[in-house]
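Here is how the chains run, residue by residue.
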Amino acid sequence: MASPYIVRFSFQQRTNAVCVVGTDVSLDVYGGAPPGAGTFKVKRTGGVQVLYRHKTVTADASTNLWPLDSEVEVLVSMDSPSTDLNDNKITVTYYDSEKKDTLLGKAKIFFTGVVVGLDVDTTRDRDGNLDNYKKASWTWGPDGHGAILLVNCDREQKCFTTTGEELFNPADLEDMSLMTLTTKGPHAFFDAHKVVLHITLQEADKLYVYHSEETNSGVQLRQVLGEKKLRYQVLDTAHEKNVFYVEGIAFPDAGFSGLVNIGVTLLGSSVKNVPDVPLCTRTIVFRMTPWIMTPNILKPLEVFVCSVDDNNIFVKQFKELVKIANCKLRICSAADNRGDRWMQDEMEIGYIEGPRKGFPVVLDSPRNRGLDYFPIHKLLGPDFGYWTREPEDASEVNSLDSFGNLEVSPPVSVNGKDYPLGRIVFGGSLPALAGRRMNKVVRDFLYAQQVQSPVEIYSDWLKVGHVDEFLSFVPSPSKKGFCLLLASPTTCCNLFEEKKKEGHGNAVMFKGLETKERSIADILADKELMKLNAHVQSCIDWNRKVLKKELGLEEKDIIDIPVLFDRVEKYPGVAALFPDLVNMIVLGKNLGIPKPFGPIINGKCCLEEKVCSLLEPLGLNCNFIDDFSSYHVQFGEVHCGSNVRREPFAFKWWNMKP
């Protein structure tokens, strides 16, 4: 709590003072005492209240006299503003220390009560009303309080008068937080005092504050704080209400907790060439909205895919899947993708939300290839935001900075701690290995959001290095509501061994494709391949342990999907031998799974049969899509080549406790 404003006075002359409603004023009863005084008492008029703060001493019950002891502090407050200047009075009467009833002097302090305060929505109740409730702090949880500032990262909607003058569009005002400055008291008082809004230099690039002015043409906003503007003197204090709009312009990030402060200070009359005296400062705290990822279990709204020279078959089958899932499909043309088919790698579509409004926000990866212009030129718009994090040195970007390496789990509970928005999962190298990691600026951004506490796992053993090459989340009717799918060479080898024992060792993979066919027997006899996949299984098992611990999973929550991996010529790391069945797109209960072109036994692909037997009991619909020539041979699959905008969580992020 801030120290009270101190009023010093003398028993020899009248003193005028200010009391801001809701703020205590401390009377210096010691400095104003006449020589020889030992006790004192205070009388007041009806508009002021007096509080005695003390440790061990008390007033005399019969005389109401207090000992003039340094442990006694006298606080004055007012509940309402004055009608006229100096219309309330405190009288301090001093008595001799030895002759208890001898009056030594009286001090008269005349108070003018004023209201100076900022009001914002601190209760997050969506009703748009402003509150006067714990504005100077911010707390998490369903019983928490504190104002929320939507990061205004969408494209503004232009609005013009008939004369061509640009105004703020009323729809854009919804992206900002309303803040009201209230000033009440005698007009003559505010003529002699200043009311100043202010922010710190550290917050100047995090927000803008606009002063709202009603005109015949509509609402005009004038920027008064932000960038180089750190202070703003409010001149129109004759109006009891001054309306401001606060706009967030930065997400939480490294070195920025997401909290910003706006202060209002009442300044006393100045002396020439001497700084003004602050009489009272009120502060409000906003927290910026975090960027939130959406997991596979949330409802899909819009699906994205690229059209390139060689993926006509893929796009046709993909359209059929999207139609079954009843989603909107958006095909990125060759002109917009510039030959870049990896839609998932380019971006991740999440969202932001405040008590009154939210909208999707695309996080653009720093890979900067052909699709680089798509998010900002085709997605950014009114109520569709855009953000990116890139290192200053472009040479620091590597494959792990693409967002096929970025996933998020459904909501989980781990050792009694709830993660109601799930946990972000991304890949890197092990601490003991000097391998690739996601760029620090991206990692810092993800951690700074707080609400989806990230988990870094081991993916550098892969040629491309993305987590979507060996894991996915699918909805399930279980208590948790989802299952984790993990690529499993062991499961694949066991399946092939089983089929070989049944007499199908000569059944071949890749039949009808322009690639070398391989039989089950040939694959199992390839000692180098089997040794390699045993190693890959160890890498996946390492991640299995981490994910079980960090997501609170049990073995029953994990499904092993048959996948084999092979070396990649001229490159370190491995890639899927056949289309990677885990690298799928999840659209509700409809799965778009890479067609594996596995061994055909009794007219059916044994890999497809195995996957269906694992996933269909969960109520999921398996749709196999041919991505072999258009994606797989270039080290990617269905998930890598698509993207999904999903419905936001019903849970409100401010109700959690990170």
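Rules used throughout
- Residues numbered from 1 in each chain as written.
- Predicted model: local features only at pLDDT ≥ 70, side-chain atom pairs only at ≥ 80, totals over all residues.
- Heavy atoms only, no water.
- Helix = DSSP H or I, 4+ residues; strand = E, 2+ residues; numbered from the N terminus.
- Contact = heavy atoms within 4.5 Å.
- Areas by Shrake-Rupley, 256 points an atom, 1.4 Å probe, with all protein chains shown as cover.
- Lys, Arg positive; Asp, Glu negative; His and termini not counted.
- Charge placed at Lys NZ, Arg CZ, Asp CG, Glu CD.
- Axes fitted to C-alpha atoms, helices over the stretch in contact; angles between N-to-C directions.
- Parallel < 35°, antiparallel > 145°, perpendicular 65-115°, else oblique.
- Left-handed = near helix turned anticlockwise from the far one by under 90°.
- Nonpolar A, V, L, I, M, F, W, Y, C, P; charged D, E, K, R; others polar.
- Phe/Tyr/Trp six-rings, centres within 6.5 Å; stacked < 30°, edge-to-face > 60°.
- Buried < 20%, exposed > 50% of the residue type's maximum accessible area, 1.4 Å probe, protein only.
- Pairing = 2+ DSSP bridges.
- Core = buried A, V, L, I, M, F, W, Y, C linked by side-chain atoms within 4.5 Å.
- UniProt positions renumbered as here; feature names shortened; annotations may be inferred.
- Polar contact = N/O pair within 3.5 Å; in protein donor to acceptor, adjacent residues only side chain to side chain.
- Right-handed = clockwise from strand over helix to strand, strands pointing away.

Considerations on the overall build of the chain
Turning to step 1, where the next piece is worked out: The helix and strand tally for the chain stands at 11 helices and 43 strands.
Turning to step 2, where the next piece is worked out: If you line up the chain on its principal axes, its C-alpha atoms span 120 × 65 × 45 Å.
Turning to step 3, where the next piece is worked out: Partitioning the contacts of the chain with sequence separation of at least 6, the portion at a separation of at least 24 is 72%.
Turning to step 4, where the next piece is worked out: Of the roughly 29,200 Å² that the chain leaves accessible, carbon and sulfur atoms contribute 49%.
Turning to step 5, where the next piece is worked out: One finds the centroid of the 75 positive side-chain charges in the chain at a distance of 3 Å from the centroid of its 85 negative side-chain charges.

Describing the packing of helix α8 (residues 489–504) against helix α11 (residues 606–615)
Turning to step 1, where the next piece is worked out: Where α8 meets α11, the axes come as close as 11 Å, and the angle between the chain directions of the two elements is 120 degrees. When the axis of α8 is compared with that of α11, the two are oblique. As α8 packs across α11, the resulting crossing turns out to be right-handed. Two secondary-structure elements touch here, α8 through Thr 491, Cys 492, Leu 495, Phe 496 and Lys 499 and α11 through Cys 606, Leu 607 and Lys 610.
Turning to step 2, where the next piece is worked out: Of the residues belonging to the contact of α8 with α11, the class tally is five nonpolar, one polar and two charged.

What about the packing of aromatic side chains?
Turning to step 1, where the next piece is worked out: By the definition in use, this model includes 22 aromatic pairs.
Turning to step 2, where the next piece is worked out: Here Phe 189 and Phe 190 contribute two aromatic rings whose centre-to-centre distance is 5.2 Å and whose plane-to-plane angle is 90 degrees, an arrangement assigned as edge-to-face. This pair shows no difference in class: Phe 189 is buried, exactly as Phe 190 is.
Turning to step 3, where the next piece is worked out: With 5.9 Å between their ring centres and 80 degrees between their planes, Phe 597 and Phe 628 make a pair best called edge-to-face.

Side note on the sheet that holds strand β38 (residues 585–587)
Turning to step 1, where the next piece is worked out: Taken in spatial order, the three strands of this open sheet run β38-β39-β42, and their pairing is mixed. Edge positions in the sheet fall to β38 and β42 (621–625), since each has one partner strand and no second. Between one strand axis and the next, the sheet turns by 25 degrees as a mean value, whatever way the strands run.
Turning to step 2, where the next piece is worked out: Judged from the three bridges that link them, β38 and strand β39 (residues 590–594) form a sheet pairing that is antiparallel. Bridge pairing in β39 places Ile 585 opposite Gly 592.
Turning to step 3, where the next piece is worked out: Sheet contacts for helix α3 (residues 312–324): β38, β39 and β42; angle to β42, the most-contacted strand, approximately 165 degrees.
Turning to step 4, where the next piece is worked out: This element, α11, spans β39 and β42 of the sheet and lies at about 155 degrees to β42.

Quick word on the nonpolar core
Turning to step 1, where the next piece is worked out: Grouped together as the largest cluster of nonpolar side chains are 68 residues, with contacts concentrated most on Trp 461, Phe 470, Leu 471, Phe 496 and Leu 615.
Turning to step 2, where the next piece is worked out: Counting residues per element, this core draws most heavily on helix α10 (residues 527–551), which supplies seven residues.
Turning to step 3, where the next piece is worked out: Sequence-distant contacts of Phe 496, defined by excluding residues within four places in its chain, comprise Met 509, Ile 520, Ile 523, Leu 524, Leu 564, Pro 599, Cys 606 and Leu 607.

Let's talk about the UniProt feature "domain: Protein-arginine deiminase C-terminal" (unreviewed entry) in the chain
Turning to step 1, where the next piece is worked out: Per the UniProt annotation, the sites labelled "domain: Protein-arginine deiminase C-terminal" (unreviewed entry) are residues 280–655.
Turning to step 2, where the next piece is worked out: In this annotation, residues 280–655 is assigned 25% helix and 28% strand; the end-to-end C-alpha distance for the span is 32 Å.

Focus on the side chain of Thr 183
Turning to step 1, where the next piece is worked out: Counting through the fold element by element, Thr 183 comes out in strand β13 (residues 177–184).
Turning to step 2, where the next piece is worked out: For Thr 183, a relative accessible area of 2% puts it in the buried group.
Turning to step 3, where the next piece is worked out: In this structure the side chain of Thr 183 is engaged in a polar contact, spanning 3.1 Å, whose partner is the backbone oxygen of Thr 237.
Turning to step 4, where the next piece is worked out: With residues up to four places along the chain from it excluded, the contact list for Thr 183 reads Val 115, Phe 190, Val 195, Thr 237, His 239 and Glu 240.

Focus: the environment of Arg 231
Turning to step 1, where the next piece is worked out: Here Arg 231 lies in strand β17 (residues 231–233).
Turning to step 2, where the next piece is worked out: What makes Arg 231 exposed here is its relative accessible area of 63%.
Turning to step 3, where the next piece is worked out: Remark: the alpha-carbon pair of Arg 231 and Val 315, spanning 84 residues in sequence, is separated by 56 Å.
Turning to step 4, where the next piece is worked out: Among all residues touching Arg 231, those that are not within four sequence positions of it are Val 196, Leu 197, His 198, Val 224 and Leu 225.

As for unusual backbone geometry
Turning to step 1, where the next piece is worked out: Phi is positive for Arg 338, close to 50 degrees, though the residue is something other than glycine.
Turning to step 2, where the next piece is worked out: Looking at the secondary structure, you find Arg 338 in the loop between α4 (334–337) and α5 (343–346).
Turning to step 3, where the next piece is worked out: Positive phi is not limited to glycine here, since Phe 510 has a value of about 65 degrees.
Turning to step 4, where the next piece is worked out: Secondary-structure assignment places Phe 510 in the loop between β33 (508–509) and β34 (518–519).
Turning to step 5, where the next piece is worked out: Owing to a relative accessible area of 4%, Phe 510 belongs among the buried residues under this scheme.

With respect to the sheet that holds strand β24 (residues 358–364)
Turning to step 1, where the next piece is worked out: Taken in spatial order, the three strands line up as β23-β24-β25 in an open sheet, and their pairing is mixed. Across the chains shown, the open sheet's two edge strands, defined by having one partner strand only, are β23 (347–353) and β25 (385–388). The average undirected angle you get between the axes of adjacent strands in this sheet is 30 degrees.
Turning to step 2, where the next piece is worked out: Taken together, the seven bridges between β23 and β24 define a ladder with antiparallel strand orientation. Opposite Ile 352, over in β24, you have Phe 359 as the bridge partner.

A look at helix α7 (residues 440–448)
Turning to step 1, where the next piece is worked out: Of all nine residues in α7, seven are buried; the element is thus mostly enclosed.
Turning to step 2, where the next piece is worked out: Looking only at α7, the buried set comprises Val 441, Val 442, Arg 443, Asp 444, Phe 445, Leu 446 and Ala 448.
Turning to step 3, where the next piece is worked out: Contacts made by the buried residues of α7 are with β24, β25, β26 (406–408), β29 (424–428) and β30 (455–458).
Turning to step 4, where the next piece is worked out: Looking one or two residues beyond α7, the residue adopting positive phi is Gln 450, at roughly 70 degrees.

Topic: the pairing of β25
Working note: regular strand, side chains alternate between the two faces of the sheet.
Turning to step 1, where the next piece is worked out: Here four bridges tie β24 to β25, and the two strands are oriented parallel to one another. Across the sheet, the residue bridging to Val 362 is Tyr 386, located in β25.
Turning to step 2, where the next piece is worked out: Read from β24 through helix α6 (residues 373–379) to β25, the crossover connection turns out right-handed.

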